[in-house]
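Fold and contact review
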Amino acid sequence: MTAVVDSTTFATNQPMLTAADGLTLRPWTDADAPSIYEAFQDPARHPAWSRPPQ
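The rules behind the values
Residues numbered from 1 in each chain as written. Predicted model: local features only at pLDDT ≥ 70, side-chain atom pairs only at ≥ 80, totals over all residues. Heavy atoms only, no water. Salt bridge = Lys/Arg side-chain N within 4 Å of Asp/Glu carboxyl O. Buried < 20%, exposed > 50% of the residue type's maximum accessible area, 1.4 Å probe, protein only. Helix = DSSP H or I, 4+ residues; strand = E, 2+ residues; numbered from the N terminus. Contact = heavy atoms within 4.5 Å.

Describing the pattern of salt bridges
What the rule picks out here adds up to one salt bridge. Linking Arg26 and Asp32 is a salt bridge whose minimum nitrogen-to-oxygen distance equals 2.8 Å. The exposure class assigned to Asp32 is buried, which follows from its relative accessible area of 14%.

Some remarks on the environment of Pro15
Within the element layout of this structure, Pro15 appears in the segment before strand E1 (17-18). Sequence separation of Pro15 and Arg26 is eleven residues, and the distance between their C-alpha atoms is 6.7 Å. Setting aside anything within four residues of it in sequence, one finds Pro15 in contact with Leu25, Arg26 and Pro27.

Next comes the structure, spelled out in structure tokens:
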């Protein structure tokens, strides 16, 4: 079975969640791209998602 997500699902504002200790979870933005890219350059930081180079 293949999951299909309607394109309007991501067109609405997504929530920001704040934990009691001040941690805030929010949707990623374009401004986050450099940090995300940098994090994924280090295989030790994401071994479960890594695959050998092809």
